[in-house]
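Tertiary structure, described
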Amino acid sequence: ILSAVVTTSRQVHVVIAEYILCIKRSHNGSSQNLGSGNMRKTAALMFILLLSAAILASVQATAIEGGALSNRTTEVGTGDETGEDVYIELLRGRDGDDGRDGDDGRDGDDGRDGQDGDDGRDGDDGRDGRDGIPGLPGRDGKDGEKGEAGEMGMKGEMGLKGETGETGEMGMKGEMGVAGSKGDPGVQGPSGPSSGGVYTRWGRTTCPTTPGTELVYSGRVVGSRVNEKGGGANYLCLPEEDPDYLSYQSGNQRWRGYLYGTEYETGASGPGPLSSVHNHDAPCAICHTPTRSSILMIPGRIRCPSSWTREYYGYLMSEARPHTRTMFECYDKDAESIPGSAAGTNPAVVYTVEGTCNGIPCPPYHEGREITCVVCTK
C-alpha cells in the first residue's frame, strides 16, 4: 500500500494531507496536543484513507494527471497551514540530531591595505647614553705668539763665599841690575786744558768784576708753578735768546712737566729786602772762573773764608712754605728784574728765607730775620 501511495500522483497526496490536517485542527489545532487514544484513531483513519487513495489513484490516475488538483490549496479554519505543508511534515519525520561541526574552511585572501593611521605623539626623551670611549690624542697645536717679557724677579740671596785658594810659592828674588845713566830732558808738552768752575749768579744779568771771572750766558730764572705738585724742585737759568729744539709736539700736553718764569715775592708782607723788584721776573747769569774750580755757597754769611774769592753775596731765597718745596738759591743783594715783567701772575716764585730758633741757636741767629748768603770760589 505504501508503495502504491508513493507512486501515486502528487495531487492524491495533497488530498490525503488535507484530510489529516482537518483531523489535527479538530483536536485543538496542534499535533502536540493529541493524546495516545486519539493518535491510535488517527492511525486507523490514515490506513483506511491510504487504502482508499490507492484504489482511487489507480482509476483516476490518467484523468487527474496534470489536472486541476496540481495547484489546489485548501485552507481550513482561519490558519495559514496547508495540506501540502502537513504532507511534507509527515514525510520528513522529526528533526535529527545536530551534525558534527564541519572542518574549518580555508583561509580567506588577505584584505587590501587600510589607510595610513595618524602620526603618533612624540615619545619621551630617552635617557642619556653612556660616555663614549676617549678619542685619540689630537695633533699638537701651533706655537702661540711670544708673550711679553715678565717683570724682573727679586734679587736672589748672595751665595756662600768660596774657600780661599792655597797661596802659591814665592819666587826667588832677582839680582839688582846696574843703574843706567841719566837721560836728557824731554821736550815740554803742550799746555793742558784750563780748569775752573761755573756758577749761577741769581738775580743779575752780568757776572761780578772779580778778576778772571767771565760771562758764559745770561737768561731768566724758570721753575715749576706754585700750585703744581709735579715738575722739578730746582730752578734753572734759561738762556734768553736762540733756543734750540729737536723733535717736538706742538701744543701743551697734559702729562708733561712745565717751566714757568719766576717772580720775586718780596713785598707781599710790607717793605723789606728786595721789595723794589716785587712781582717782577728774576734774571740770571752763568759765570766761569777759569782759575778757580771750587765753588761754594755759604748761607748766613756775606764773607768768604780766607784764601777764597768772593764772587757775590745777597739773600737766600726759595719757594714759600705753604707751596711745593724747591732748592735754596743765593740771589744777589742788588737783584735786577726783567724789564716790563711786573705782571704778578704768580707762575714760579721765590721768597726770601727767614731763620727760626727751632733747632737753630739764638743767639747768634735771630728769629724772623732774612738769611743772607755768599758765593765763593777757589
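Above this text sits the structure in question.
From a predicted model like this one, the values you see are computed outputs, not experimental measurements. (Residues numbered from 1 in each chain as written. Predicted model: local features only at pLDDT ≥ 70, side-chain atom pairs only at ≥ 80, totals over all residues. Heavy atoms only, no water.)

1. A closer look at the overall build of the chain
For the chain, the helix and strand inventory stands at four helices and ten strands. Overall, the chain shows an N-to-C arrangement of helices and strands of α-α-α-α-β-β-β-β-β-β-β-β-β-β. Looking at the chain as a whole, 25% of its 378 residues qualify as buried. The long-range share in the chain, meaning contacts at least 24 apart out of those at least 6 apart in sequence, stands at 74%. (Helix = DSSP H or I, 4+ residues; strand = E, 2+ residues; numbered from the N terminus. Buried < 20%, exposed > 50% of the residue type's maximum accessible area, 1.4 Å probe, protein only. Contact = heavy atoms within 4.5 Å.)

2. Topic: the packing of aromatic side chains
For the structure on display, the rule yields three aromatic pairs. Taking 6.0 Å as the distance between ring centres and 35 degrees as the angle between the ring planes, the aromatic pair formed by W202 and Y331 counts as tilted. One end of the pair, W202, is in strand β1 (residues 197-202); the other, Y331, is in strand β8 (residues 329-332), with 129 residues separating them in the sequence. Just as W202 is buried, Y331 falls in that class too. (Phe/Tyr/Trp six-rings, centres within 6.5 Å; stacked < 30°, edge-to-face > 60°.)

3. Notes on the pairing of strand β4 (residues 260-264)
In terms of burial, β4 is largely enclosed, as four of its five residues are buried. The pairing of strand β2 (residues 214-223) with β4 spans two bridges and is classified as antiparallel. By the bridge assignment for β4, V222 is matched with G261. Pairing of β4 with strand β9 (residues 348-352) involves three bridges; the strand directions are parallel. Each bridged residue has a counterpart across the sheet, and for E263 the counterpart in β9 is V349. (Pairing = 2+ DSSP bridges.)

4. Considerations on the pairing of strand β10 (residues 372-377)
With five of six residues buried, β10 lies mostly within the body of the structure. Summarising the sheet, strand β6 (residues 295-299) and β10 pair through five bridges and their orientation is antiparallel. Across the sheet, L296 pairs through a bridge with C376, a residue of β10. Bridging between strand β7 (residues 309-318) and β10 involves six bridges; their strand directions are antiparallel.

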